[in-house]
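Spelled out, the chains give:
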Amino acid sequence: ETGVTQTPRHLVMGMTNKKSLKCEQHLGHNAMYWYKQSAKKPLELMFVYNFKEQTENNSVPSRFSPECPNSSHLFLHLHTLQPEDSALYLCASSQDQTAYNEQFFGPGTRLTVL
Amino acid sequence: QKEVEQDPGPLSVPEGAIVSLNCTYSNSAFQYFMWYRQYSRKGPELLMYTYSSGNKEDGRFTAQVDKSSKYISLFIRDSQPSDSATYLCAMTTGAGGTSYGKLTFGQGTILTVHP
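The structure contained in this document is the topic of the report that follows. Remember, it's a predicted structure, so these values are computed and weren't measured experimentally.

1. Re the sheet that holds strand 1 (residues 4-7) of chain A
All names here are of chain A.
Okay, so step 1: Read from one edge of the open sheet, four strands run 1-3-8-7, paired in antiparallel fashion. Unpaired on one side and paired on the other, strand 1 and strand 7 (64-70) mark the two borders of the sheet. The average angle at which neighbouring strand axes cross in this sheet is 20 degrees, direction not considered.
Okay, so step 2: Where strand 3 (residues 18-25) meets strand 8 (residues 73-79), seven bridges bridge the pair, whose relative direction is antiparallel. Counted as the bridge partner of leucine 21 is leucine 76 from strand 8.

So this is what it looks like as structure tokens:
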């Protein structure tokens, strides 16, 4: 595997379900990001981890819970979601956050909440 | 007012045309400016990156930044059907600490280049 991978690619869940999104980067980076991409809206930064420490929580509802066990893996735990949470969830990584570094994106998980 | 404004299009042009994509922004602290390209069912990929004002050219692509007008542009010369994608502008202040990772994106412009 190369670059940034995300699983699953598609997910359909009910509002009472609990599920998790997984992201893995094979680039040796130290910063990882979760973004939400909704139709006709700009990409929204949700969370940032730099060297496994959370450095940004962009006022995301608590029904989204991130986890970063190491610099290569990032999870987004989902519970009690709402239909308006349906979107493409993108993971990205960069060398780190302390200088400008290119962010590399995964292909995303298309989430549908029924 | 949105921090970054980008015309969502869609924009449809014939092959070989010159394409101009633009974004305006309101935060004068933005210093780093990027253009990402996103193909259908893929994540965005960095196309061009510019620091502060000026022009940058890479093959058929030219990025321009005018900080005095808070306006950035991406020009595509001799456009090809393979250029059909969504183009996203993004920017960050790079004001130190961990701010470099906080990108603010435009809405994206959907471009179709037809043969």
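2. A few points about the interface of chain B and chain A
Okay, so step 1: Facing 21 residues of chain B, the contacting portion of chain A comprises 23 residues.
Okay, so step 2: Taken together, the links from chain B to chain A amount to one salt bridge.
Okay, so step 3: With a closest N to O distance of 3.6 Å, glutamate 56 of chain A and lysine 102 of chain B form a salt bridge.
Okay, so step 4: At the boundary of chain B and chain A, one finds four residue pairs in polar contact (both at pLDDT 80 or more).
Okay, so step 5: Top contributing element to the side of chain B that touches chain A by residue count: strand 4 (residues 32-38) of chain B, with four residues.
Okay, so step 6: Looking at the side of chain B that touches chain A residue by residue, the classes come out as 10 nonpolar, eight polar and three charged.

Cut-offs and rules
- Residues numbered from 1 in each chain as written.
- Chains lettered and ligands numbered in written order.
- Predicted model: local features only at pLDDT ≥ 70, side-chain atom pairs only at ≥ 80, totals over all residues.
- Heavy atoms only, no water.
- Pairing = 2+ DSSP bridges.
- Helix = DSSP H or I, 4+ residues; strand = E, 2+ residues; numbered from the N terminus.
- Axes fitted to C-alpha atoms, helices over the stretch in contact; angles between N-to-C directions.
- Contact = heavy atoms within 4.5 Å.
- Salt bridge = Lys/Arg side-chain N within 4 Å of Asp/Glu carboxyl O.
- Polar contact = N/O pair within 3.5 Å; in protein donor to acceptor, adjacent residues only side chain to side chain.
- Nonpolar A, V, L, I, M, F, W, Y, C, P; charged D, E, K, R; others polar.

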